[in-house]
Amino acid sequence: PAKSAGALLSPTLGEPWRPYFDRHSGAVPGVPGRPAGLTVGEPIFVTYPIPSPGVEMLSEKFDVRVHPAEPQPDRAAITSGAAGCRGLLTLVRDRVDADLFDQLPDLRVVANYGVGYDNIDIGEATRRGIVVTNTPDVLTASTADLALALILAATRRMGEGERIVRSGRGWA
């Protein structure tokens, strides 16, 4: 009998194997059990310090190199820090294009620490077999909450009421 995908274990990462599938684009390139060609212990470069739990989780599986907080890395800092790396974790401000791919021939994965991916040349990455990921939907609920809060604040004139209370003129 065939096993379900969740029952299989990744031989390299020792975790349940899940098919690589993007809900918008369909199947994502990669070898099952070997995400995007990365294996345990391979180097990845993080272009800006992310919260420590993220770095710790990555460090459990990979050789993580993190660019110091300031200044923001320029192209030269990214290429020197990521030289020989198989993975690159970027922020949306880091431009990832054909020139960067040329300078980082070992690159197999670009993970964008953000919802968008406008900073990454997806066509060029696809042509080279480089997997690109991002963090979709992490802000959807928060954005909806804020939108509703602003609608309520505007319709109930909360800004005006707050200014009246602070002015000392009284509540009613």
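Since we're looking at a predicted model, the values are computed, not measured.

Draft legend 1. Looking closely at the side chain of N112. The topology assignment puts N112 in strand β6 (residues 109-112). According to the relative accessible area criterion, N112 is buried, its value standing at 3%. Within polar-contact distance, the side chain of N112 engages the backbone oxygen of G116 at 2.8 Å. At 3.0 Å, the side chain of N112 and the side chain of N119 are in polar contact. N112 has contacts with T90, L91, V92, Y117, N119, I120, T133, N134 and T135, leaving out every residue within four places of it along the chain.

Draft legend 2. Focus on the packing of aromatic side chains. One pass over the structure, following the stated rule, counts 0 aromatic pairs. One cation-aromatic arrangement involves R93 over Y48; the distance from NZ or CZ to the ring centre is 4.3 Å.

Draft legend 3. Molecular detail of unusual backbone geometry. Residue R157 is not a glycine yet carries a positive backbone phi of 55 degrees. Structurally, the position occupied by R157 is in the loop between α5 (140-155) and α6 (158-167). A residue is classified by how much of its surface remains accessible, and R157, at 52% relative accessible area, is exposed.

Draft legend 4. View of the side chain of E124. Within the element layout of this structure, E124 appears in helix α4 (residues 122-127). Note on E124: relative accessible area 14%, which makes it buried. Here R128 takes part through its side chain, which lies 2.6 Å from a polar atom of the side chain of E124. Excluding residues that lie within four positions of it along the chain, E124 makes contacts with A98 and F101.

Reading the values: rules and limits
Residues numbered from 1 in each chain as written. Predicted model: local features only at pLDDT ≥ 70, side-chain atom pairs only at ≥ 80, totals over all residues. Heavy atoms only, no water. Helix = DSSP H or I, 4+ residues; strand = E, 2+ residues; numbered from the N terminus. Buried < 20%, exposed > 50% of the residue type's maximum accessible area, 1.4 Å probe, protein only. Polar contact = N/O pair within 3.5 Å; in protein donor to acceptor, adjacent residues only side chain to side chain. Contact = heavy atoms within 4.5 Å. Phe/Tyr/Trp six-rings, centres within 6.5 Å; stacked < 30°, edge-to-face > 60°. Lys NZ or Arg CZ within 6 Å of the ring centre and 35° of its normal.

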